[in-house]
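Architecture and fold: a report
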Amino acid sequence: MKKMNNKGFSLVELIIVIAIMAILIVVLAPQYLKYVEKSRNSTDLQSATEFKDACEIWAADPDAGATSSTTPFKKGDTFTITVTNTGISGTLPAAVQSALDNAGVSTTKFKCVSKTNWNQMVLDLKVNNNGSITWTYSDGSTENNFGKAMNANSN
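Let me sum up the structure you'll find in this document. (Residues numbered from 1 in each chain as written. Predicted model: local features only at pLDDT ≥ 70, side-chain atom pairs only at ≥ 80, totals over all residues. Heavy atoms only, no water.)

What to know about the nonpolar core
Ranked by size, the top nonpolar core spans 31 residues in total, and within it Phe-51, Cys-55, Phe-73, Ile-81, Val-96 and Leu-125 carry the most contacts. Among the secondary structure elements, those contributing two or more residues to this core are α1 (11-60), β1 (78-84), α2 (94-103), β3 (121-127), β4 (133-138) and α3 (145-154). At seven residues, the largest contribution of residues to this core is made by α1. When sequence neighbours within four positions are dropped, the list of residues in contact with Cys-55 reads Phe-73, Val-96, Ala-99, Leu-125, Ile-133 and Trp-135. (Core = buried A, V, L, I, M, F, W, Y, C linked by side-chain atoms within 4.5 Å. Buried < 20%, exposed > 50% of the residue type's maximum accessible area, 1.4 Å probe, protein only. Helix = DSSP H or I, 4+ residues; strand = E, 2+ residues; numbered from the N terminus. Contact = heavy atoms within 4.5 Å.)

As structure tokens, this is what we get:
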């Protein structure tokens, strides 16, 4: 008599494995989505900080605007830069563009990538009489999550 050598998994074993995988997906998916959104928020904060730092370095540079192709910040200058999911709204002021160019910051990649905490980033800057810059951050909402996060990030 020939012995049958059945190899493979039974239908019950396969159903149990699929059920375990489904439970893992249901439990882990929300955690993964939170992690992804936290990463997006962090990217936005890092981009805004890079933008801020470039402007502050340019404002503090006594040689800023030394060439005809660059524009310095002037005391009393005020600028509002709005960033959405498609990029910077409108045209950047010449002094801000010079600051970013000098720092090697690409404006083409500067986009708001957060999906839940804010949908835009508004950076207001005012050049003070001593050359320093005062910043105000908002996201256009009453909660102002972006402003709170930037202020917490800068401390």
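Remarks on α3
When we look at burial in α3, the residues that qualify are Phe-146, Gly-147 and Met-150. Down the axis of α3, the smallest arc covering the buried residues is 100°, so these residues share one side. Exposed residues lying more than 90 degrees from the buried face of α3 are Lys-148 and Ala-152. Looking at the buried positions of α3, the neighbouring elements they touch are α1, β3 and β4. (Arc of directions from axis to C-beta.)

Let's talk about the packing of α1 against α3
In a packed pair of helices, the relevant descriptors are the angle between the two axes and the axis-to-axis distance. The interhelical angle for the contact between α1 and α3, taken along N-to-C directions, is 65°, at an axis separation of 11 Å. Crossing handedness for the pair α1 and α3: right-handed. Of α3, the residues touching α1 (which contributes Leu-45, Ala-48 and Thr-49) are Phe-146, Ala-149, Met-150 and Asn-153. (Axes fitted to C-alpha atoms, helices over the stretch in contact; angles between N-to-C directions. Left-handed = near helix turned anticlockwise from the far one by under 90°.)

Geometry only, nothing functional implied.
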